[in-house]
Amino acid sequence: MAVGEELPLILLAEDNPNNVFTITSYLEAKGYRLMVAGDGQEALEYARSHHPQLILMDIQMPGMDGLTAIATLRNDPMFQELPIIALTALAMDGDREKCLEAGMNDYLTKPVNAQALEQMLEQWLLQEDLPRANQQDTPERQPEPPVIFNVQDLLDRCGQDQA
């Protein structure tokens, strides 16, 4: 990244508050701009309204799951080349291939290894010729989104205490 250049916007679609806290804490410490969606439908809405440069997508979420959300995004020409990385506890034979066939660009198992995550982000975000959903496809750039997550709200949704 050039001096003064903003780091990419990453959309994290994850319903587990502990995973949200761990991943966002790490990525914020690295300086990334983040948005958090609690399910696939919310991820679709945020992707369409804020045009992230990369999506980290949990596969198993309530409501619309990650595979359905990705299939929906991939049907939109604006998002066909957007890097999407699966985050999943699925580690059975064939799960990786299932995610890649659904339109994911890459695959990380949970718990997420911070070094593997960083390497994957660098691989997908630092490709100079990689098409971006927010370049020329969007009539005007949306205002910068805030980091959209509240740990206590996510814990309340899951019926857990923060302690």
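One can find the structure itself at the top, above this paragraph.
Our subject in this report is the structure included herewith. (Residues numbered from 1 in each chain as written. Predicted model: local features only at pLDDT ≥ 70, side-chain atom pairs only at ≥ 80, totals over all residues. Heavy atoms only, no water.)

### Here we look at the pattern of salt bridges
Applying the stated criterion to the full structure yields 2 salt bridges. In this structure, Glu14 and Lys110 form a salt bridge, with 2.8 Å as the shortest nitrogen-oxygen distance. Linking Glu14 in the loop between β1 (9-13) and α1 (17-29) with Lys110 in the loop between β5 (106-109) and α5 (114-125), this pair joins segments that are 96 residues apart in sequence. Note that Lys110 and Asp58 form a salt bridge whose closest N and O atoms lie 2.9 Å from each other. With a gap of 52 residues between them, Lys110 in the loop between β5 and α5 and Asp58 in strand β3 (residues 54-58) connect regions that are remote in the sequence. (Salt bridge = Lys/Arg side-chain N within 4 Å of Asp/Glu carboxyl O. Helix = DSSP H or I, 4+ residues; strand = E, 2+ residues; numbered from the N terminus.)

### Regarding unusual backbone geometry
Lys110 connects to Pro111 through a cis peptide bond whose omega is 0°. Tracing the backbone through its elements, the reader meets Pro111 in the loop between β5 and α5. The backbone phi angle of His51 is positive, close to 50°, even though this residue is not glycine. Secondary-structure assignment places His51 in the loop between α2 (40-50) and β3. Owing to a relative accessible area of 6%, His51 belongs among the buried residues under this scheme. (Buried < 20%, exposed > 50% of the residue type's maximum accessible area, 1.4 Å probe, protein only.)

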